[in-house]
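Commentary on secondary and tertiary structure
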Amino acid sequence: MSSRINQSLPLPTNNLVTPLLTDLYQLTMAYGYWKTKRHEEHAVFELFFRKNPFQGSYTVFCGIDEVLKYVSNFRFSPQDISYLETVPSLSHCEPEFFKYLSQLDCSQIKLQSVEQGSVVFPRVPLLIVSGPILIAQLLETTLLNLVNYPSLVATNASRMVLAARGQFSDRIIRGKIPKCIEFGARRAQGPDGAFSASKYCIVGGFDAVANVQAGKLLGLPVGGTHAHSFVMSFQSLEEVKSLCVKDVKRCSQNHGQEVNLLDIVMRYRKDNGWESTNNGELAAFIAYAASFPTSFLCLVDTYDTIHSGVKNFILVALALIELGYSPKGVRLDSGDLSVLSIQAQELFQEIGTKYNLETYFSNLDIVASNDINEEALHELNRKKHGITVYGIGTNLVTCQAQPALGCVYKLVELNGQPRIKVSDDIEKVLIPGRKRAFRLFDDKLMPTVDLLVEEVDDEEPVAGEEISVYHPFSKDNPRKVTPSMVKEIINTVWDTHRKATVNIPDVIEARETCINSIRGLHPAMVKIENPMEYNVCVSKKLYEELHSLWESHRQA
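Residues numbered from 1 in each chain as written. Predicted model: local features only at pLDDT ≥ 70, side-chain atom pairs only at ≥ 80, totals over all residues. Heavy atoms only, no water.

1. Topic: the overall build of the protein chain
When its secondary structure is counted, the protein chain shows 19 helices and 23 strands. The buried share among the 556 residues of the protein chain stands at 55%. Within the protein chain, contacts between residues at least 6 apart in sequence are counted, and of these 75% link residues at least 24 apart. Of the roughly 24700 Å² that the protein chain leaves accessible, carbon and sulfur atoms contribute 49%. Within the protein chain, the 64 negative side-chain charges are centred at a point lying 1 Å from the centre of the 56 positive side-chain charges. (Helix = DSSP H or I, 4+ residues; strand = E, 2+ residues; numbered from the N terminus. Buried < 20%, exposed > 50% of the residue type's maximum accessible area, 1.4 Å probe, protein only. Contact = heavy atoms within 4.5 Å. Areas by Shrake-Rupley, 256 points an atom, 1.4 Å probe, with all protein chains shown as cover. Lys, Arg positive; Asp, Glu negative; His and termini not counted. Charge placed at Lys NZ, Arg CZ, Asp CG, Glu CD.)

The structure is reproduced here in structure tokens:
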């Protein structure tokens, strides 16, 4: 008999995501709850973060897809139990505890979540987990693992997309909206880091990935061309003298006759006086064109970017156009990307005019892929450039500017009573109790404040009606808000009847959610420097509950 609870949900993508993907102290606490007969007490935990990453004003929530798979399939295997019985810290635990663990699942768990790909803000719960305290506690480490990095890399990706093409995709380069492609598998933190980065950077707005495994499993568009090694493997034009390409332009006349590519290339080389370009590189480009005549895009910086690479590309591109194909472009992987892209663009314009082929040469992509990060994108925008596609790897997948998001998982209610964690660091003081979260929109339908209210017997915001909202840790007077629209942003995604109440989010759908959420933000929130801070407030009742509990615990 299968141990999976809900056969409609697949297993987690990574087979390491099991109940043992946890910290030992979760299991020692579990035994403590069980030993003291508190394991069935009803608890509510919240997963949230305290500060936006990258000194920004928003975060993109991701990971609920894998969370649902994990919760659906949560079960300790017999091998897991056998191993736990050998762990020194658990060696004294009673046999009945291990029997209890062997029968444990998430059938009594209720899970609420914000929407995958949506923009979220500090202290707003991303996940609310309700159920018996033992199982709810055991979920902590894994849920944090499944949310922290996906949300971080999606946020990182979204910021790079913003830098590349603007909040409203209104940055136009040579008639095109710039695209972003993920190139990071080789630099990611292991196979799962690579796969997760590919998956969630698409949610953040990237257009394609180089990771073929992600393409296969997720149905994502994949992209790429060739490396320097391909160019360096050729030394002489003799190596490509017999390569032919079908003439599709005149196929009705000659039935698609195979035509020698080198002969045409050499004619254009002589016509332009470019005999000094690197022969090995030219041979490599001819070989690549013969292999991929319909998607010809070359890496041009192996030797001399402009005086050899771009010129050699143009020679082969002219031959392909003559045979009825549309070459795609060039990739720059070193040097001053701004200057080189402009010089390449100028050569394209010159050749397009010379041969009356402006339509072909004005449509070529210039891809840049040299250690690009968010700041490099902004710097390129401050200069003039001709780049239409960015291949971004290391700084995307490693989240170089901030390697962790810092989500936490905190107990906020036990047996119907709110719980609070106090601290001398006000940032770490917990907002207690089970909550609902609403997003309030102004008259331009821009989000203006997220409002947390107590789940029971609290004032619910209504569109068109004034409401007082309180900063949770300030004694200033409340702010009066009259929202034009109100949206509840946390909804049940897994109920206590062992089934998901929503479909597992599709990556492309989540991408649209992300893009639309960011477009809906006030432009001041996506400024490069000193972005406007978004307000997260609480209701009057929740404010009073927070400060009453806070004061009573401080006095104690």
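2. Observations concerning the sheet that holds strand S14 (residues 408-414)
Hydrogen bonding along the main chain pairs the strands of a sheet, whether they run parallel or antiparallel. Strand order in the open sheet formed by seven strands is S15-S14-S1-S5-S3-S21-S22, with antiparallel pairing between adjacent strands. The open sheet terminates on both sides in strands that have one partner only, identified here as strand S15 (417-418) and strand S22 (499-500). Alignment of strand S3 (residues 110-113) against strand S21 (residues 491-495), held across three bridges, turns out to be antiparallel. Across the sheet, Leu111 pairs through a bridge with Trp494, a residue of S21. Against the sheet, helix H6 (residues 140-165) touches strand S1 (42-48), strand S5 (127-132) and S14, its axis set at about 135° to S14. (Pairing = 2+ DSSP bridges. Axes fitted to C-alpha atoms, helices over the stretch in contact; angles between N-to-C directions.)

3. Overview of the environment of Gly520
The residue Gly520 is located in the loop between helix H18 (507-519) and strand S23 (535-538) in this model. Setting aside anything within four residues of it in sequence, one finds Gly520 in contact with Met446 and Pro447.

4. Thoughts on the confidence of the model for the protein chain
Here the protein chain averages 94 in pLDDT, and 97% of its residues register 70 or above. In the model, residues 1-5 has pLDDT below 50 throughout and makes 14 contacts with residues more than four positions away in sequence or in other chains. (pLDDT = per-residue confidence, 0-100.)

5. Brief notes about unusual backbone geometry
Here Ser169, not a glycine, exhibits a phi torsion of approximately 50°, which is positive. Within the secondary structure, Ser169 sits in the loop between H6 and strand S6 (179-182). Overall, the relative accessible area of 17% leaves Ser169 in the buried class. Backbone geometry places Asp457, a non-glycine residue, at a positive phi of 55°. Turning to its location among the elements, Asp457 is positioned in the loop between strand S17 (447-454) and strand S18 (467-469). You can call Asp457 exposed: its relative accessible area is 67%.

6. Notes on the state of the cysteines
Enumeration over the complete set of coordinates arrives at zero disulfides. Looking at the unpaired Cys201, the closest cysteine sulfur is the one in Cys180, lying at 9.1 Å. A residue is classified by how much of its surface remains accessible, and Cys201, at 0% relative accessible area, is buried. (Disulfide = S-S within 2.5 Å.)

7. Some remarks on helix H12 (residues 279-291)
For H12, which comprises 13 residues, the first-to-last C-alpha distance of 18 Å matches the rise-based estimate of 18 Å (1.5 Å per residue) to within 8%. A large share of H12 lies buried, amounting to 10 of its 13 residues. Inspection of H12 places Gly280, Glu281, Leu282, Ala283, Ala284, Phe285, Ile286, Ala287, Tyr288 and Ala289 among the buried residues, and these make up the whole buried set. Looking at the buried positions of H12, the neighbouring elements they touch are helix H9 (228-232), strand S8 (244-246), helix H11 (261-272), strand S10 (297-299) and helix H13 (305-322). (Expected span 1.5 Å × (residues − 1).)

8. Considerations on the pattern of salt bridges
In total, this model carries 23 salt bridges according to the counting rule given. The shortest N-O distance in the salt bridge between Asp207 and Arg165 comes to 2.9 Å. Placement of Asp207 in the loop between helix H7 (190-203) and strand S7 (208-209) and of Arg165 in helix H6 is noted, with a sequence separation of 42 residues between them. Of the charged contacts in the structure, one is a salt bridge between Glu512 and Arg511, with a shortest N-O distance of 3.6 Å. Here the residues in one salt-bridge network are Asp65, Glu66, Lys69 and Lys199, joined through shared partners. (Salt bridge = Lys/Arg side-chain N within 4 Å of Asp/Glu carboxyl O.)

9. Observations regarding helix H16 (residues 374-382)
Among all positions of H16, only Glu374, Leu377, His378 and Leu380 are buried. In an axial view of H16, the angular spread of the buried residues amounts to 160°, which keeps them on one side of the axis. In this structure Asn373 caps H16, since a side-chain oxygen of it lies 3.2 Å from the backbone nitrogen of Glu375. (Arc of directions from axis to C-beta. Polar contact = N/O pair within 3.5 Å; in protein donor to acceptor, adjacent residues only side chain to side chain.)

10. Quick notes on the sheet that holds strand S13 (residues 389-392)
Pairing within the open sheet is parallel, and its six strands lie in the order S7-S6-S13-S12-S11-S10. Looking at which strands have only one partner, the edges of the open sheet turn out to be S7 and S10. As paired elements, S6 and S7 share two bridges and run parallel to each other. Its bridge partner lying in S7, Glu182 is registered against Val209. Seen against the sheet, H6 touches S6 and S13 and runs at an angle of roughly 145° to S6.

11. Concerning the side chain of Ser341
Along the chain, the position of Ser341 falls in helix H14 (residues 337-354). At a separation of 2.9 Å, a polar atom in the side chain of Ser341 contacts the main-chain carbonyl oxygen of Ser338. Residues within four places of Ser341 in sequence aside, it is in contact with Leu332, Ile366, His385, Gly386 and Ile387.

12. A look at the packing of H12 against H13
Packed helices, taken two at a time, are described by their axes: the angle between them and the distance between them. One can describe the packing of H12 onto H13 by two numbers: an axis separation of 9 Å at closest approach and a directional angle of 35°. Judged by the sense of rotation from one axis to the other, the crossing of H12 with H13 is right-handed. Contact residues: H12 offers Glu281, Leu282, Phe285, Ile286 and Ala289, while H13 offers Ser308, Gly309, Asn312, Phe313, Leu315, Val316 and Leu320. For the contact of H12 with H13, the per-class residue count stands at eight nonpolar, three polar and one charged. (Left-handed = near helix turned anticlockwise from the far one by under 90°. Nonpolar A, V, L, I, M, F, W, Y, C, P; charged D, E, K, R; others polar.)

13. Examining the packing of aromatic side chains
Summed over the entire model, instances satisfying the criterion amount to 17 aromatic pairs. The cationic tip of Arg267 hangs over the ring face of Tyr268; the distance from NZ or CZ to the ring centre is 5.2 Å. (Phe/Tyr/Trp six-rings, centres within 6.5 Å; stacked < 30°, edge-to-face > 60°. Lys NZ or Arg CZ within 6 Å of the ring centre and 35° of its normal.)

14. Digging into the packing of H11 against H13
With their axes 8 Å apart at the nearest point, H11 and H13 run at an angle of 120° to one another. Here H13 runs oblique to H11, going by the angle between their axes. Note on packing geometry: the crossing formed by H11 with H13 is right-handed. Contacts from Leu261, Ile264, Val265, Arg267, Tyr268, Arg269 and Asn272 of H11 reach H13 at Leu315, Val316, Leu318, Ala319 and Glu322. Split into classes, the residues belonging to the contact of H11 with H13 amount to eight nonpolar, one polar and three charged. (Parallel < 35°, antiparallel > 145°, perpendicular 65-115°, else oblique.)

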